[in-house]
Amino acid sequence: MRWVKRHLLPAYAFLAFCYLLLPIAVVILFSFNAPSGRYNYVWEGFTLDNWIHWDAPSGIQSAVVKSLEIGVVSTVCATVLGTLLALAIVRHRFRGRGATNMLIFLPMSTPEIVLGASLLTLFLNRQIVTGFGTIFIAHVMFIVSYVVVTVKARLIDFDRHLEEAAMDLGANEWVTFRKVTLPLLAPAILSAALLGFALSIDDFVITYFVSGPTQTFPLFVWGAARVAVPPQVNVVASAIFMVAVLVMIGNVLWGLRARRARESMPAAVPIPEALPRPEPI
Amino acid sequence: MSFLHRHKGLTPYLLLLPGILWLALFFVAPLGFLGYQSLQSGTFDTGYTFDWAFSNYWNAISDYHEQFVRSFVYAGIATILALLVSYPLVYWIAFRAGRWKNVFLILIVAPLFVTYLVRTLAWLNILADEGPVVGFLRDIHVLGPDGRLLATSVAVVAGITYNFLPFMALPVYVSLEQIDARLLEAAEDLYASKRQAFLHVTLPLSAPGIVAGTLLTFIPAAGDFINAQLLGTPRQYMVGNVIQSKFLDVLDYPSAAALSFILMALILVGLLAYARAVGTERLTG
């Protein structure tokens, strides 16, 4: 009985992980399948052809390229906007702060279908032609909030002593920001950008509403799902998955290294508050 | 720069300006247009005119209340299932996994790295009529000899649960991880049994995570139409499917807009009720 009790939770965790990872295994496995007909539902034999000729289905290559392009430009734009918003909210007291927080929180708590539908209504009413530009607009809009949340979390436990030290040593606000604040924020900004990129290339619902004739990878999959999904879709999805996992592992290792470096540093970092400050000259 | 020095109070507004402008133009204004569209009448061919057509709302509710109810029931069940499945798992990671925590966390979010549509399609392979899962369930007579999982509400709810589970697991993990181990030791010192310590210390302290996870799971689940479309049939359609087809296939914009507004209003009302119950600070962070 004790034995069962002690092993119940680990056994459960194992089963839960199987459940979480099974579909991923299926996606990767079926990227190596050699279906005889059009349907890639039943395992029929191993082949590398799908990986070698990943761009064989017409339209898949341009869809993947479009997804990457939109991902990059909208992530860059949203990261800049979001970082500025986070700086304003954490560093400054101003009128309308509560309303600003609400405005940033609301897009995350609105169902994607409503975001997509309302943007489409705007574009239809203002006679804006949907395509690459409107997808870009939509992606920046929904990524910004996630960037703010990620950067804000880091800014809140930011050690302001370091900035004060820089100012005491004669740096002006801009130099302090560029040489102290920004480098210290860089990991958070990078995580925010990675998250934003992942959200962008995975987005289907909003993109579906505002895409016009432009096709991204998720839209290609949707179109294919109406007829038959070629195994190359699994190839692209597996490749995206592997890159994402590698980036994630790199991020974790980087974090571990940084922590070890901090821990091995001599305990000279904290500056007592009472220390007399040099008079500004 | 000297301009900024003279007008220090302006700095926050300059930082805010581009982001707020973007959100105002492409989040707030579109909602206004959606409201405007929802009160128009006419047809796609003759064009729509604004005439306070509140009938769109009544029609939307009377024609599609079934889909609304289904959306909220499916999303509710999926949220509860996601909590039940993920809580023991992240509990194990937070308290028992030791130095491998980060690896297990990567495994939890791993499904999110597979394109949403593709991982939903993978369930087509797994739950296929000739597949092993259906075969096993038929053998143990849970399913009849012709019973299937695809095209049933079970498949749709399972798909939604799977797709949004990481959004439940992560916040719950974060709140469990932050629990001070000394509190649990104190409970033990005061003769609490393991069960009591869990019920009176661990569970209440993980409540913020459960609250956040519930929102992050329920809201996207209630608006989802992909799982019903790919794993179900029109008999499992949720309100998202109706909005999608009215907007993009039927081109009946006013009633699609009315449906979207009702969906958002219902979610906001639920959100406010929830916020009153648990406190606003926890929601907006």
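No experiment lies behind these values; they were computed from the predicted model shown.

**Q** Talk me through the overall build of chain B; I want residue IDs and the actual numbers.
**A** What chain B contains, in helices and strands, is 14 helices and two strands. Its C-alpha atoms give chain B a radius of gyration of 24 Å, more than 25% over the compact-globule value 19 Å for 285 residues. Each principal axis of the C-alpha atoms in chain B carries an extent, and together these give about 80 × 75 × 35 Å. Within chain B, the fraction of its 285 residues that count as buried is 49%. Taking the intrachain contacts of chain B between residues at least 6 apart in sequence as the baseline, contacts between residues at least 24 apart amount to 66%. Surface accessibility of chain B: about 13,800 Å² in total, with carbon and sulfur atoms responsible for 67%. With 16 positive and 17 negative side-chain charges, chain B shows a separation of 11 Å between the mean positions of the two kinds.

**Q** Tell me about the overall build of chain A, and name the residues and values.
**A** Secondary structure summary: chain A contains 11 helices and zero strands in total. For chain A, the sequential pattern of α-helices and β-strands runs α-α-α-α-α-α-α-α-α-α-α. By the compact-globule yardstick of 19 Å for 281 residues, chain A is too spread out, its C-alpha radius of gyration being 24 Å. The dimensions of chain A, computed from C-alpha atoms along their principal axes, are 80 × 65 × 40 Å. By residue count, 43% of the 281 residues in chain A fall in the buried class. A separation threshold of at least 6 residues defines the contact pool for chain A, and within that pool the share at least 24 residues apart is 72%. For chain A, the exposed area adds up to about 14,900 Å²; of that, 67% sits on carbon and sulfur atoms. Here chain A contributes 21 positive and 16 negative side-chain charges, whose respective centroids are spaced 6 Å apart.

**Q** Just give me the short version of the side chain of B:Thr120, but keep the residues and values in it.
**A** Residues and elements named next belong to chain B. Here Thr120 lies in helix α5 (residues 116–126). At 3.2 Å, the side chain of Thr120 and the side chain of Asn163 are in polar contact. Setting aside residues up to four positions removed in sequence, Thr120 forms contacts with Asn163, Ile226, Asn227, Leu230 and Leu231.

**Q** Describe the interface of chain A and chain B, naming the residues involved and giving the relevant values.
**A** Across the boundary between the two partners, chain A contributes 77 residues, which contact 79 residues of chain B. Note on chain A versus chain B: buried area summed over both sides is about 7,100 Å², and carbon and sulfur give 82% of it. Its largest share of buried area at the contact with chain B, chain A owes to A:Phe17, A:Tyr19 and A:Leu20, together 9% of the area lost on that side. Run the count over chain A and chain B and you get zero salt bridges.

**Q** Please give an account of helix α12 (residues 239–250) of chain B that cites residues and values.
**A** Those residues of α12(B) that fall on the buried side of the exposure criterion are B:Val239, B:Gly240, B:Asn241, B:Val242, B:Ile243, B:Gln244, B:Lys246 and B:Phe247. B:Leu251, located one to two residues past α12(B), shows a positive phi value of around 60°.

**Q** Break down a positive patch on the surface for me, with residues and values.
**A** Among the surface-exposed residues, A:Arg2, A:Lys5, A:Arg6, B:Arg96 and B:Lys194 lie close enough to one another that they form a single positively charged patch. Summarising the element assignment, A:Arg2 is placed in helix α1 (residues 2–30).

**Q** For the pairing of strand β1 (residues 40–43) of chain B, give the residues involved together with the corresponding values.
**A** Residues and elements named next belong to chain B. Bridge analysis of β1 against strand β2 (residues 47–50) gives four bridges, and the strand direction is antiparallel. Looking at the pairing, Gln40 lines up with Phe50 of β2. Between β1 and the antiparallel strand that follows it, β2, lie three residues.

**Q** Go over the nonpolar core with me, naming the residues and quoting the values.
**A** For soluble globular proteins, nonpolar side chains are generally found buried alongside one another. Grouped together as the largest cluster of nonpolar side chains are 149 residues, with contacts concentrated most on A:Leu119, A:Met141, A:Phe204, B:Ile226 and B:Phe247. When near neighbours in sequence (up to four residues on either side) are disregarded, B:Phe247 contacts A:Ala117, A:Leu120, A:Thr121, A:Phe209, B:Leu34, B:Tyr253, B:Ala256, B:Ala257 and B:Ser260.

Parameters at a glance
Residues numbered from 1 in each chain as written. Chains lettered and ligands numbered in written order. Predicted model: local features only at pLDDT ≥ 70, side-chain atom pairs only at ≥ 80, totals over all residues. Heavy atoms only, no water. Helix = DSSP H or I, 4+ residues; strand = E, 2+ residues; numbered from the N terminus. Rg over C-alpha atoms; globule rule 2.2 N^0.38 Å. Buried < 20%, exposed > 50% of the residue type's maximum accessible area, 1.4 Å probe, protein only. Contact = heavy atoms within 4.5 Å. Areas by Shrake-Rupley, 256 points an atom, 1.4 Å probe, with all protein chains shown as cover. Lys, Arg positive; Asp, Glu negative; His and termini not counted. Charge placed at Lys NZ, Arg CZ, Asp CG, Glu CD. Polar contact = N/O pair within 3.5 Å; in protein donor to acceptor, adjacent residues only side chain to side chain. Buried area = accessible area lost by both parts, 1.4 Å probe. Salt bridge = Lys/Arg side-chain N within 4 Å of Asp/Glu carboxyl O. Patch = residues over 30% accessible without salt bridge, like charges linked within 9 Å, V, L, I, M, F, W, Y side chains within 5 Å. Pairing = 2+ DSSP bridges. Core = buried A, V, L, I, M, F, W, Y, C linked by side-chain atoms within 4.5 Å.

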